[in-house]
Each structure stands twice: as C-alpha cells, then as structure tokens.
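# Examining the three-dimensional arrangement
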Amino acid sequence: MESLQVEMKPLTPGLYMILSRRKFKKTGAGIRLKKDKFIPDGVVEFLLQNSPLAKINIIDNDD
Amino acid sequence: MKSVSRILSLRDDLTSLHTLDLYNRCTHDFDFVDPNILKSIVNYAVSHNVQQVQICVTCDIQQLPFCLFSSQTLTSLDLSIHHRILRGNVLFPSSLNLPALTTLSLKGFYFRSGDNGCAEPFSALRKLSNLIIRHFRVLDAQTLCISNTTLVNFTMETYYDYKDICKLELSTPSLTNFAFTGTPNPILSVSHPCSITHLYVNAEDIVIFVKENSAVLLSWLLEFANIKSLTVSSNTLQVLRPLYLYTAVLQLLAFSLFISICLHFSLFISIFF
C-alpha cells in the first residue's frame, strides 16, 4: 500500500453507544464519552504493518 | 396530468430531448409524483432520444416503463425513487438493453435473482463505466453479483436495515475504484487477479455486531491485499479496533509461548548437556 487516508467523522450513534458502554465497564463510573472524532490507538499501525513507507493523510473537513 | 400533457405537446416534437431532470429539493412530502404522470414523462423523453435522465421523486410505482431500460441513446441514468409507505419497492428489470449507457446511479430498487440463484443486474451493460447503488434489496437471493467487463468505478451504500444480502461478488476485470458506505456485513468475493487499486470504506450504522463487522472488514482487506491506496473513515477504524486488540493479544500470547519454549529449551540443554 502506498497511501492511507483517514477521513475524520463524528461517531455514529451506534458506535457512540458501544464506546460509552465500554468506557463505563472499564472505569465503573458513568463517564460520558464526548461526541468527538478520534482515531483509536494502534489501528493505523495495524493497517500499515506490511507497508511501513505508506504516506498517511488525515482529512478533517471541519479544519 | 393535463398540464403535463399540455407542456409536452407545446414542445417542438421534432427536436430531440437531451436531458430529463425531474427533481424536487423539497422534503419527500412535497415531491410526490403521480405514477401515470411519471410514466408519460419517461415515455416522452425516451421517444425523443433522451441522453441523460435524472429522476429523484416520491412515487408509488412498482415498475418504471420498460422503454427507459431499452433506450438506444441513453448515456447517463440516475434514478432515486422513494415510496410513501415502503422503502425500495421499485423493481429493477432483469434484462436491460442500454447499449450507450456509461453511468448508472440507483437508489431504492429491488434486484431480481436469475436462474443461478443470484442477482446479476448489470452484466448486459456493455459500456458501463460508473455504477452507484444505494439502499437496494435483492429478491429471492442472498448474493448480488456485479459482473461487468467495462466497469471502472463502483460505489455501494447499504445499511443494516437492508442486510438480506449476505454475499457480494465482484466479477469486474476493469474495476479500479470501489467505495463502500454503510454496515460492512456482506461477505465479499472478488475475482482474481483483482484490478482494484483504490478502496474507500466508510462504516456507518454499526449497532451491536461490531465484532462481526470487524471480522468482515478484515476479510475485505485481505481480498484487496494489493491495493495502492486505502481511504477509511475514523469510524471504520473504530470498527477495526476489536480486531486489532485480538491480534495484539495473539501476538502477546505467541511471544509468551516463544519465551516459555526458550526457557524450557535452555533448561533442557543445561540438564542434559
């Protein structure tokens, strides 16, 4: 792979629910996850493990 | 109906009609078109050698006039038909005769299955280059086969609500760009060698089956192992996260096993040698 583009998008309602629940289980507290755009740790590196020279481009249309 | 007939009758009948654009930017409640009016407009356009058709309306129609799918002059067809009660209940014909068509965009259609048990609606389009299908269903089949020798760009949008499609087969030797938006749950099968160089995946409508979607996405990435460019949304990366964690645990276990084997091996060496 020569390039990887990541389009930043707000969490969908379903993903927001799943991540909120996961956060609640982990911390035991009712911490509410911000409805935000973010890249989970390690997944980009996981995708590029066989393409270490690939260019990474983050696209955020709100910028 | 009378006013439509009057407008059409006032037009110079000998002049070809290049473009038909039947579009209302209002909400669905205000863009309803009577099925008979839609049929008469389509019939008129096709009989006057129309080349580009864009129809985006709400209409309680089961099937569009077949002449639209046997036009010899049509190069671009964009159909988005909403039903007032049901979604996606307009039947797409199983046989097409559109020799000049290069661009096809469909939203809200039923594709029929053929004798082989899978729906293969686009194989007869000999010049098709761009295909967009959104919010579709397949009748009496669980496999949708996109089989076309000239197709270059394919965009697909399907959500969990439309999950009756279990398998998507791509038999498209010229396809270079594949874009997917929606719930990544259909199993993908690509005929090899795969010509696709750019893949776009925007995972949406993920509710409870995130682990299953994650596994399906991995199988997609394995199918497209030789792509040059990958574009994913940040939500797609969220879907892939369980898979990443799973492989990280596997790698950790494998590393632990390796260390354990090394320790046992060194102990074995020290005892017997």
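Residues numbered from 1 in each chain as written. Chains lettered and ligands numbered in written order. Predicted model: local features only at pLDDT ≥ 70, side-chain atom pairs only at ≥ 80, totals over all residues. Heavy atoms only, no water.

### A look at the pairing of strand β10 (residues 153-158) of chain B
Residues and elements named next belong to chain B.
- Of the two faces of β10, the one holding Phe154, Met156 and Thr158 is buried and the one holding Asn153, Thr155 and Glu157 is not buried anywhere.
- Here strand β7 (residues 130-134) runs beside β10; their pairing, made up of five bridges, is parallel. Paired with Ile132 across the bridge in β10 is Thr155. (Buried < 20%, exposed > 50% of the residue type's maximum accessible area, 1.4 Å probe, protein only. Helix = DSSP H or I, 4+ residues; strand = E, 2+ residues; numbered from the N terminus. Pairing = 2+ DSSP bridges.)

### A few points about the interface of chain A and chain B
- Contact with chain A, which involves 28 residues of that partner, is made by 27 residues of chain B.
- Of all residues in chain A, Lys9(A), Leu15(A) and Phe46(A) give up the largest surface area on contact with chain B, accounting jointly for 22% of the area buried on that side.
- Where chain A packs against chain B, one counts zero salt bridges.
- Elements with a contribution of two residues or more to the side of chain A that touches chain B: β1 (3-7), α1 (13-27) and α2 (43-47) of chain A.
- Broken down by element, the side of chain A that touches chain B gets its largest block of residues, six residues, from α1(A). (Contact = heavy atoms within 4.5 Å. Buried area = accessible area lost by both parts, 1.4 Å probe. Salt bridge = Lys/Arg side-chain N within 4 Å of Asp/Glu carboxyl O.)

### With respect to the confidence of the model for chain A
- Confidence in the prediction for chain A averages 83 pLDDT; 86% of positions are at 70 or higher.
- Within chain A, the element-level pLDDT minimum falls on α1(A), averaging 77, and the maximum on β1(A), averaging 96. (pLDDT = per-residue confidence, 0-100.)

### What about α1(A)?
- In this model, α1(A) (15 residues) spans 21 Å end to end at C-alpha, consistent with the 21 Å of a helix rising 1.5 Å per residue.
- Those residues of α1(A) lying buried are Gly14(A), Leu15(A), Tyr16(A), Ile18(A), Leu19(A) and Ser20(A). (Expected span 1.5 Å × (residues − 1).)

### Some remarks on the pattern of salt bridges
- Summed over the entire model, instances satisfying the criterion amount to three salt bridges over all chains.
- Notably, a salt bridge pairs Glu7(A) with Lys9(A), separated by 3.7 Å at the nearest N-O pair.
- A relative accessible area of 18% means that Glu7(A) is categorised as buried.
- Overall, Lys9(A) belongs to the partly exposed group, its relative accessible area being 24%.
- Residue Glu169(B) pairs with Lys167(B) through a salt bridge whose shortest N-O separation is 3.5 Å.
- Residue Glu169(B) is classed as partly exposed on the basis of its relative accessible area, which comes to 26%.

### Let's talk about the environment of Leu19(A)
All names here are of chain A.
- Examined against the element boundaries, Leu19 turns out to sit in helix α1.
- Judged by its relative accessible area of 10%, Leu19 falls in the buried class.
- In this structure the C-alpha to C-alpha distance between Leu19 and Asp62, which are 43 residues apart in sequence, comes to 23 Å.

### Let's talk about the sheet that holds strand β4 (residues 90-92) of chain B
Residues and elements named next belong to chain B.
- Strands sit in the order β4-β6-β8 across an open sheet of three strands; the sheet is parallel. Where the open sheet ends on each side, the last strands, each with one partner, are β4 and β8 (137-139). Each strand axis lies, on average, 40° off the axis of its neighbour in the sheet, ignoring direction.
- In this sheet, β8 lies alongside strand β6 (residues 109-112) in parallel orientation, the contact comprising three bridges. Within β8, the position partnered with Tyr110 by the bridge is Arg137. (Axes fitted to C-alpha atoms, helices over the stretch in contact; angles between N-to-C directions.)

### Focus on the state of the cysteines
Residue and element names in this part refer to chain B.
- If you walk through the whole model with that rule in mind, you get zero disulfides over all chains.
- With no disulfide partner, Cys59 has as its closest neighbouring cysteine sulfur the one in Cys56, 12 Å distant.
- Lacking any disulfide linkage, Cys194 is separated from the closest cysteine sulfur, that of Cys145, by 14 Å. (Disulfide = S-S within 2.5 Å.)

### Structural notes on unusual backbone geometry
Residues and elements named next belong to chain B.
- With omega at 5°, the peptide bond leading from His192 into Pro193 counts as cis.
- Here Pro193 shows up in the loop between β13 (187-190) and β14 (198-203).
- For Asn49, which is not a glycine, the phi torsion comes out positive at approximately 55°.
- Examined against the element boundaries, Asn49 turns out to sit in the loop between α2 (35-47) and β2 (52-58).

### What to know about the nonpolar core
Residue and element names in this part refer to chain B.
- By size, the foremost hydrophobic cluster in this structure holds 85 residues, and its most contacted members are Phe122, Ile133, Leu170 and Phe178.
- With seven residues, α2 is the largest single contributor of residues to this core.
- Discounting residues that sit within four places of it in the chain, Leu170 has contacts with Ile146, Phe154, Leu175, Phe178, Leu188, Ser189, Val190, Ser191, Ile196 and Phe224. (Core = buried A, V, L, I, M, F, W, Y, C linked by side-chain atoms within 4.5 Å.)

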